[in-house]
Structures are given as C-alpha cells and as structure tokens.
Amino acid sequence: MWDASRCDLCGECLVKCRYVDYDRDRAVREIKLLMDGKAADILARCITCNACVQNCPTGADPADLICRMQEKFSSPIAVSFKPFTDSVVKTFEKGSRDVDVIEGDPGMPALSFDSFPFAQFPSGTLESSLFRGMTVVRGRKYASLVGMAHMGGASLVEKYGHKVIEAFAELGKDIVYIHNEGYILAHIKARELGIEVPYRSIHLFEYLRDYLENHQSDIKKLNRRVAYQPNCAVRWLPEQDAWLDGIFGLIGVQRVARKYEGVDALCCGGPALFVNRELGFEMQADNIRDALDHDAEALITICPMCDTVLKGETSKAGLPQIFITDLCRMALGEVAWPAG
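Residues numbered from 1 in each chain as written. Predicted model: local features only at pLDDT ≥ 70, side-chain atom pairs only at ≥ 80, totals over all residues. Heavy atoms only, no water.

Undergrad: Mind showing me how you'd approach the sheet that holds strand E6 (residues 224–229) here?
TA: To summarise the sheet geometry, strands pair through backbone hydrogen bonds and adopt either a parallel or an antiparallel arrangement. Spatial strand order, E7-E6-E8-E9: 4 strands in an open sheet with parallel pairing. The open sheet has two free edges, formed respectively by strand E7 (253–255) and strand E9 (321–323), since each of these has just one partner strand. Direction aside, the axes of adjacent strands within the sheet are offset by 40° on average. Where E6 meets E7, 3 bridges bridge the pair, whose relative direction is parallel. The residue bridging valine 226 from the neighbouring strand is arginine 255, located in E7. (Pairing = 2+ DSSP bridges. Helix = DSSP H or I, 4+ residues; strand = E, 2+ residues; numbered from the N terminus. Axes fitted to C-alpha atoms, helices over the stretch in contact; angles between N-to-C directions.)

This is the structure:
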C-alpha cells in the first residue's frame, strides 16, 4: 500500500520504468503531482506492471499510488475495463451465484481457483494426485481483487477484501491459492489493511514444493531447461523465487538465466493490450525471444491470465508453454512433455 511517509522523492520508481523516458526531475514532478491528488502524464502511460514496487528503494509502493490515481482520473486502462470492474462491484454489493464448491476430505485444506473458471486451467488439474482429497472452490466471492489494479479498480481490495477473507474463513480450512494474487491478498494486503485472516494461507509454490518433497519416489526427473514467466504480483513477494527453485530442483528442471529476469522481468503484456496493442505485442515478443535466445525448451507460467494472454504468441513462436501445476504433473508421470 502507498506510504507517503516513506517516499523521499528520489524519482527512482519512474526513472527506471522501461515504458517512459522521464529524467529524474520529470519523475519527481510526476510523483509530486500524484501526491497532491492531481493528474499526471504517467497515468495514461503506466501499464500496471508493478516494477516500480521493486524499483522504489524505500518501500513506499508507488505502484499503489499510481493505480489508485488511474482509477480516480479514469485513465485509459480504467475506461477500458470499466464494464468488468462494475460487474465485480455488483457482485460484492448484491451477491453472485457464480460459485463452485467441490467438497473434499475434512482434514485436507481447500484449493482456491480464485474467480477463474476451472476450464482456464490445464485439463486434468482437478483430478491430479497433487490435489487429491482437497476441497476445491472458485467464484466471484473468492476473487483476490488484487489484480483489479490492472483494470482501474485498485480501490476494490480495500472496499471488499474483507468479504473475500470472510468467504474463505467460512470454509474452516487452510487455503492453498493456485493463483498468486489470492495469496498476496491474504498474506500482504490484508495485513496492510488491518484485516484479520483466521486461517493459514499457503502459496501454491510452497504447497507444490512440500508435496514433491514428500513424494520423491514418484518423481522422474525431467532434465529440461525452462524459462520462467512471473506475474506482476511477484513484485510484492520476491521470496517466492526460492520456493520455485525448490520445485525445479526436485523435478530436475534448470531455470535458464534470462535478460528479463528478477527486477528486470517483463509482464505478459495483458493490460497493455487493451490500451496500447503495439506495446503489448512488443512485450510478448521480447519475452518469447529472450526465452528462446537462452535455449529454453518451454515457458513456465504461474498465472492463469498470463497463461491465456501469452498462449497464442508462444504457439506461433514454437515455444511450448506449461502451467506450473502441469510441469509438476509431468514429473509425476500424469501428463507428457509437449510434443516437439
């Protein structure tokens, strides 16, 4: 969450932004305008990739400030997604029947698919041994809302985040989040907003690592080189890299070193496609070219939105794209590596 007391107006957040060409003085002016509640050029040019979260040396979270002001001043992103954000607001104000609950064993945790349809995940995910016995839930009432910042709805976490946490609490179980942003809501945003989380929240990577550690005799090492495509929420949770490396080590996967890695990672281009299609496709092309240039045999995704947005372009480039759960299932012998 934006913390003005931490901002020393160094300008690093926007000087290092790859999508604008501000010098330090211009960057400082932009942030000052936003801090004063005024519109600024960056609101029309920001694609909500969250890189400035990591670029900020003081932890002020300028991305939150920018996204909130994009919502306030009806930026191009906010206008493009308004019908969808309005439908989300309606869900939390009036309720929704868009909910699926598949009951599992009483002693097992629940697996949250956020508000994504089950069909948006790889075929067979629900039947995988990885999640056997777990209660499975999805629907608008379980939406993380964190991703709404990419759509001009940054305020929705603060307005309705407590309702999402309450919905999970009603299950009376620990929650494993298959979508990174659900974990961010429970583990980071809830704390910032003073929302009590009365259950244990578990990141998908933590869960997969622990499962694989406990089933090493079932694993056949893949011996593959892969590129990793993070989603924008990882900017708040850089420690998840260690969990992912643990997974890769257990299943025999080498994560190639890339130009666009860590702080320099490129997002999938999803939000940009709605306001600057040329830029969005350029970002995707750079991502794919970078993976291929480093001899990656596949691109590993962790976000269902990234997975959907990139799939057409990776297919055209001949780069197999694999969701992280399916990568683990390959090591367990449940599915085959994509045909060349």
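Undergrad: It is not clear to me how the sheet that holds strand E4 (residues 175–177) should be interpreted in this structure. Could you clarify?
TA: Read across the open sheet, the 5 strands follow the order E1-E3-E2-E4-E5; overall the sheet is mixed. A strand with exactly one partner marks an edge of an open sheet, and here the two such strands are strand E1 (99–102) and strand E5 (201–203). Averaged over all pairs of adjacent strands, the angle between strand axes in this sheet comes to 20°, irrespective of strand direction. Relative to E4, strand E2 (residues 110–112) runs parallel, the two sharing 3 bridges. Looking at the pairing, serine 112 lines up with tyrosine 177 of E4. Here helix H8 (residues 180–193) sits on the sheet and contacts E4 and E5; the angle it forms with E5, its principal contact strand, is near 140°. (Contact = heavy atoms within 4.5 Å.)

Undergrad: Which parts of the structure should I look at to understand helix H14 (residues 324–331)?
TA: Given 3.6 residues per turn, any residue in an α-helix points the same way as the ones three and four places further on. Most of H14 sits inside the fold, with 8 of its 8 residues counted as buried. Those residues of H14 that are buried are in contact with helix H9 (204–214), helix H10 (240–251), E7, strand E8 (298–301) and E9. (Buried < 20%, exposed > 50% of the residue type's maximum accessible area, 1.4 Å probe, protein only.)

Undergrad: Even after reading the chapter, I still don't get the packing of aromatic side chains, so can you show me in this structure?
TA: Two numbers describe a pair of aromatic rings. These are the distance of the centres and the angle of the planes. Tallied over the entire structure, the rule returns 12 aromatic pairs. Aromatic side chains phenylalanine 116 and phenylalanine 121 sit 6.2 Å apart centroid to centroid with 85° between the ring planes, which places their arrangement in the edge-to-face category. Of the two residues, phenylalanine 116 and phenylalanine 121, neither departs from the other in class, the shared state being buried. Summarising the aromatic geometry, the rings of tyrosine 142 and phenylalanine 168 are spaced 5.0 Å apart at their centres and angled 35° between planes, so their arrangement reads as tilted. Of this pair, tyrosine 142 sits in the loop between strand E3 (135–139) and helix H7 (156–169) while phenylalanine 168 sits in helix H7, placing them 26 residues apart in sequence. Relative accessible area serves as the criterion here: at 4%, tyrosine 142 is assigned to the buried category. (Phe/Tyr/Trp six-rings, centres within 6.5 Å; stacked < 30°, edge-to-face > 60°.)

Undergrad: Explain the environment of methionine 330 here, please?
TA: Inspection of the secondary structure assignment puts methionine 330 in helix H14. Methionine 330 gets classed as buried once you look at its relative accessible area, which sits at 9%. Residues methionine 330 and lysine 220, 110 residues apart in the sequence, show an inter-C-alpha distance of 8.4 Å. Sequence-distant contacts of methionine 330, defined by excluding residues within four places in its chain, comprise Leu222, Ile322, Val335, Ala336, Trp337 and Pro338.

Undergrad: Could you clarify how one ought to interpret the pattern of salt bridges in this entry?
TA: As enumerated under the stated definition, the model contains 24 salt bridges in all. With a shortest N-O distance of 3.0 Å, glutamate 158 and arginine 68 are connected by a salt bridge. Here glutamate 158, found in helix H7, pairs with arginine 68, found in helix H5 (residues 62–72); they are 90 residues apart in sequence, far enough to count as distant. Glutamate 158 sits in the partly exposed class, given a relative accessible area of 45%. A residue is classified by how much of its surface remains accessible, and arginine 68, at 26% relative accessible area, is partly exposed. The residue aspartate 100 makes a salt bridge to arginine 138 at a minimum N-O spacing of 2.8 Å. Remark: arginine 138 occurs in strand E3 and aspartate 100 occurs in strand E1; sequence separation between them is 38 residues. Classification of aspartate 100 as partly exposed rests on a relative accessible area of 34%. Given the relative accessible area of 6%, arginine 138 is considered buried. (Salt bridge = Lys/Arg side-chain N within 4 Å of Asp/Glu carboxyl O.)

Undergrad: So what exactly am I meant to see when it comes to empty space enclosed by the protein here?
TA: Space left empty within the atom packing is revealed by a probe, the size of a water molecule, rolled over the atoms. Applying the stated criterion across every chain yields a total of 4 cavities of 30 Å³ or more. Each pocket or cavity is described by its volume, and for the largest cavity that value is around 170 Å³. Asp64, Ala149, Ala154, Val157 and Lys189 are the residues nearest the centre of the largest cavity, which is lined by 16 residues in total. For the lining of the largest cavity, the elements supplying multiple residues, two or more each, are H5, H7 and H8. Ranked by residues supplied to the lining of the largest cavity, first place goes to H5 with 4 residues. For the lining of the largest cavity, the class distribution of residues is 10 nonpolar, 1 polar and 5 charged. In this structure, the second largest cavity encloses a volume near 120 Å³. Every residue lining the second largest cavity is counted, 16 residues in all, and those nearest its centre are Cys17, Cys46, Cys49, Cys52 and Ile66. Of all the elements in the fold, those that place two or more residues in the lining of the second largest cavity are helix H1 (12–15), helix H4 (51–55) and H5. Of the residues in the lining of the second largest cavity, the class split is 13 nonpolar, 3 polar and no charged. (1 Å grid on protein atoms, 1.4 Å probe; cavity = no way out; pocket = protein on both sides within 12 Å on 5 of 7 lines; lining within 4 Å. Points joined across faces, edges and corners; volume = space filled by probe spheres on them. Nonpolar A, V, L, I, M, F, W, Y, C, P; charged D, E, K, R; others polar.)

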